[in-house]
Amino acid sequence: MASPPLSVALLSAILVAAVIYLIAIPDGFKLTELLGSSSSCAKKNQQLQAATDEPVDLSVFLGIMTVPSAYERRTILRLAYSLQPRPARAAVDVRFVLCTIDKEEDRILVSLEIIAHGDVLVVNCTENMNDGKTYAYFSAVPRLFAAAPYDYVGKTDDDNYYRVAALVESLRGKARRDMYHGFLLPCHWPHNQYMSGMGYIVSWDVVEWVAATPELRDDHHVWEDEDFGGWLRKGGKNKNVYNEEPRMYNYWDRDMGYEKIDCFWHAHRADAVAVHQLKDRLKWARTLYYFNATQGLRPSKLYHVDLENNIYKVY
Ligand SMILES: *[C@@H]1O[C@H](CO)[C@@H](O)[C@H](O)[C@H]1NC(C)=O
Ligand SMILES: *[C@@H]1O[C@H](CO)[C@@H](O)[C@H](O)[C@H]1NC(C)=O
């Protein structure tokens, strides 16, 4: 169906993308904004254009905790984050966070990813759930970026999908000190609360305090995200708590059965800030489809992909 000019336009866009990419990458990992570097070229999203010229008044460093071997997941995450509409007046730097890489194949292959994408941060820890990665990450960030602090620092899982524009809209106007934002657990039970490990955001003073308080590293009782809530409570750093339920939730669709719906699990909503438990390709695919990521697909004689036959069209 595509007319030749469209294909030419697409090819030119790809060429421009390649050139910008080659120019952008030598800056090194720190300033290569994951969202900026690929989305401005890969997809002509009208919202992206408007967003770029305005002055930035909110910055977030978002670390996605993952392991070296999760090559496919990182591929999906790069698509998920780079094809999102850019947030207005905000800079959100998304990076993959790994502990010290110990296997030969991973040292080499992850190095290649760093060369190609510049979106990896390696912190000093061993890759072992609940063995100090949370402390290692939050204490590394304020040291690495002391010269150019962010307003907020977030930590998220590799099975979580933050919708960055919705996140920024939710953070705008919130406190910038002693701030703790996420999905509060246990649901509706106001004691010993902490933010679910799906993802949480704290203000820069909180990460500086974590880095300056090394005894927290050994203040370890339950799982790390629950410990983190305990640290803030003990340190008086949780004065401004923002619970994002129900805009943060676990992925649910009809195939999973209605009995599963509760405070965590429910159907997608258009104002979602984050969707968690995206444990397989199908859940990622349905989620990205629901949030209109596929709308950037241009008609072309080179392919025909039937996007009509899927669960969110059947609903
Ligand atoms: C990493 O952490 C370990 C244990 O805390 C420490 O002994 C080591 O010196 C650190 N390595 C680097 C490169 O900072
Ligand atoms: C996706 O796009 C459709 C059509 O433009 C719109 O009606 C819908 O609200 C969008 N969905 C979300 C989640 O933004």
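Now for a description of the structure that goes with this document. (Residues numbered from 1 in each chain as written. Chains lettered and ligands numbered in written order. Predicted model: local features only at pLDDT ≥ 70, side-chain atom pairs only at ≥ 80, totals over all residues. Heavy atoms only, no water.)

**Focus: the site of ligand 2**
All residues in the neighbourhood of ligand 2 are listed as Ala270, Tyr290, Phe291, Asn292 and Gln295. Within the complex, the protein chains bury 42% of what would otherwise be the 360 Å² of accessible surface of ligand 2. Counted by class, the shell around ligand 2 contains three nonpolar, two polar and no charged residues. (Near = heavy atom within 4 Å. Areas by Shrake-Rupley, 256 points an atom, 1.4 Å probe, with all protein chains shown as cover. Nonpolar A, V, L, I, M, F, W, Y, C, P; charged D, E, K, R; others polar.)

**Digging into the sheet that holds strand E8 (residues 240-243)**
Read from one edge to the other, the open sheet built from seven strands follows the order E3-E2-E1-E4-E7-E6-E8, with strand pairing classed as mixed. A strand with exactly one partner marks an edge of an open sheet, and here the two such strands are strand E3 (120-123) and E8. Taken pair by pair, the neighbouring strands of this sheet meet at an average axis angle of 30°, ignoring direction. Along the sheet, helix H7 (residues 164-171) contacts strand E1 (58-65), strand E2 (90-99), strand E4 (152-157), strand E6 (179-185) and strand E7 (194-203); its crossing angle with E6, the most-contacted strand, is approximately 115°. (Pairing = 2+ DSSP bridges. Helix = DSSP H or I, 4+ residues; strand = E, 2+ residues; numbered from the N terminus. Axes fitted to C-alpha atoms, helices over the stretch in contact; angles between N-to-C directions. Contact = heavy atoms within 4.5 Å.)

**Details of the state of the cysteines**
Inspection of the entire model under this criterion finds two disulfides. The disulfide partner of Cys99 is Cys125, and the gap between their sulfur atoms is 2.1 Å. Looking down the S-S bond of the Cys99 and Cys125 bridge, the torsion is -95°, so its handedness is left-handed. Taken as a pair, Cys99 in strand E2 and Cys125 in the loop between E3 and helix H6 (133-144) lie far apart in primary sequence, 26 residues in all. Each member of the pair, Cys99 as well as Cys125, is classed as buried. (Disulfide = S-S within 2.5 Å. Buried < 20%, exposed > 50% of the residue type's maximum accessible area, 1.4 Å probe, protein only.)

**Some thoughts on the environment of Ser59**
With respect to the helices and strands, the residue Ser59 is situated in strand E1. Residue classification places Ser59 among the buried residues on the basis of a relative accessible area of 14%. Residues Ser59 and Arg89, 30 residues apart in the sequence, show an inter-C-alpha distance of 9.0 Å. Sequence-distant contacts of Ser59, that is, excluding residues within four places in its chain, are made with Ala91, Pro149, Tyr150, Asp151 and Tyr152.

**A closer look at the nonpolar core**
Core analysis: the largest hydrophobic core is formed by 75 residues, its most contacted members being Tyr137, Phe138, Tyr162 and Phe228. Sorting elements by how many residues they give to this core places E2 first, with seven residues. (Core = buried A, V, L, I, M, F, W, Y, C linked by side-chain atoms within 4.5 Å.)

**A short note on the side chain of Ser203**
Summarising the element assignment, Ser203 is placed in strand E7. Owing to a relative accessible area of 0%, Ser203 belongs among the buried residues under this scheme. A polar contact is formed between the side chain of Ser203 and the side chain of Asp205, at a distance of 2.6 Å. Each residue touching Ser203, except ones within four places of it in the same chain, is listed here: Asp151, Tyr152, Arg176, Arg177, Asp178 and Met179. (Polar contact = N/O pair within 3.5 Å; in protein donor to acceptor, adjacent residues only side chain to side chain.)

**Things to note about the sheet that holds strand E9 (residues 248-251)**
An order of E5-E11-E9-E10 is seen for the four strands of this open sheet, with the pairing classed as mixed. Bordering the open sheet on either side are strand E5 (161-162) and strand E10 (265-266), each of which pairs with just one other strand. Where E9 meets E10, two bridges bridge the pair, whose relative direction is parallel. Across the sheet, Tyr251 pairs through a bridge with His266, a residue of E10.

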